[in-house]
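Here are the chains, one letter per residue:
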Amino acid sequence: QVQLVESGGGLVQPGGSLRLSCAASGSISSIYGMGWYRQAPGNQREMVAVINSVGITNYADSVKGRFTISSANAKNTVFLQMNSLKPEDTAVYYCSYRRPGASAYWGQGTQVTVSS
């Protein structure tokens, strides 16, 4: 019912910036949560940033002050602006969408590599 298309991943030097985009299409509820999660090899998938349909956001402590999640295009597109990137930010980043009482939909994942 919902498809997520991600873009914006890549290779960046420490201290650099990237902007991830996720466009959602399909049966989108007026009440939802969208967000970005990441998973590095050997680690659990962790929440990075989330935003809901009334604009409430939440961030992992490790990215507060560096990352910003926002929405556009009638709230069916979310962005993750990542500044001051660190090597430990290296991971596969996944976009998610979830309606209340339903399981999450996931994007395909996009690789973010922070390295000199």
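Anyway, here's the lowdown on the structure attached to this text.

Some remarks on unusual backbone geometry
No. 1: Positive phi is not limited to glycine here, since Ser84 has a value of about 50 degrees.
No. 2: With respect to the helices and strands, Ser84 occurs in the loop between strand E8 (77–82) and strand E9 (91–98).

Describing the sheet that holds strand E1 (residues 2–7)
No. 1: With respect to topology, four strands assemble into an open sheet ordered E1-E3-E8-E7, the strand pairing being antiparallel. Strands at the two margins of the open sheet, each flanked by one partner only, are E1 and strand E7 (67–72). Shown here is a sheet whose adjacent strand axes are inclined to one another by a mean of 20 degrees, direction ignored.
No. 2: In the sheet, E1 pairs with strand E3 (residues 18–26) via six bridges, with the strands oriented antiparallel. Note that in E3 the partner of Val5 across the bridge is Ala23.

Section: the pattern of salt bridges
No. 1: Under the defined criterion, the tally for this structure stands at four salt bridges.
No. 2: Across the pair Lys64 and Asp61 runs a salt bridge, and its minimum N-O distance is 3.1 Å.
No. 3: Assessed through its relative accessible area of 48%, Lys64 is described here as partly exposed.
No. 4: Classification of Asp61 by relative accessible area gives exposed; the value is 64%.
No. 5: The salt bridge involving Arg66 is made with Asp89; its shortest N-O contact spans 2.8 Å. Remark: Asp89 occurs in the loop between E8 and E9 and Arg66 occurs in the loop between strand E6 (57–59) and E7; sequence separation between them is 23 residues. Here Arg66 matches Asp89 in class, with each residue buried.

Notes on the packing of aromatic side chains
No. 1: Scanning the entire structure with this criterion turns up four aromatic pairs.
No. 2: Pairing Tyr37 with Trp106 gives two aromatic rings, centres 5.2 Å apart and planes at 75 degrees, and the pair type is edge-to-face. Highlighted residues: Tyr37 in strand E4 (residues 33–39) and Trp106 in strand E10 (residues 105–106), separated in sequence by 69 residues.
No. 3: Between Tyr94 and Trp106 the ring centres are 6.5 Å apart and the planes differ by 90 degrees, which places this aromatic pair in the edge-to-face class. Of the two residues, Tyr94 is situated in strand E9 and Trp106 in strand E10; the sequence distance between them amounts to 12 residues.
No. 4: Counting every residue linked through ring pairs, the aromatic cluster contains Tyr32, Tyr97 and Tyr105.
No. 5: The ring of Phe79 is capped by Arg19, whose NZ or CZ atom sits 4.4 Å from the centre of that ring.

Cut-offs used in this document
Residues numbered from 1 in each chain as written. Predicted model: local features only at pLDDT ≥ 70, side-chain atom pairs only at ≥ 80, totals over all residues. Heavy atoms only, no water. Helix = DSSP H or I, 4+ residues; strand = E, 2+ residues; numbered from the N terminus. Pairing = 2+ DSSP bridges. Axes fitted to C-alpha atoms, helices over the stretch in contact; angles between N-to-C directions. Salt bridge = Lys/Arg side-chain N within 4 Å of Asp/Glu carboxyl O. Buried < 20%, exposed > 50% of the residue type's maximum accessible area, 1.4 Å probe, protein only. Phe/Tyr/Trp six-rings, centres within 6.5 Å; stacked < 30°, edge-to-face > 60°. Lys NZ or Arg CZ within 6 Å of the ring centre and 35° of its normal.

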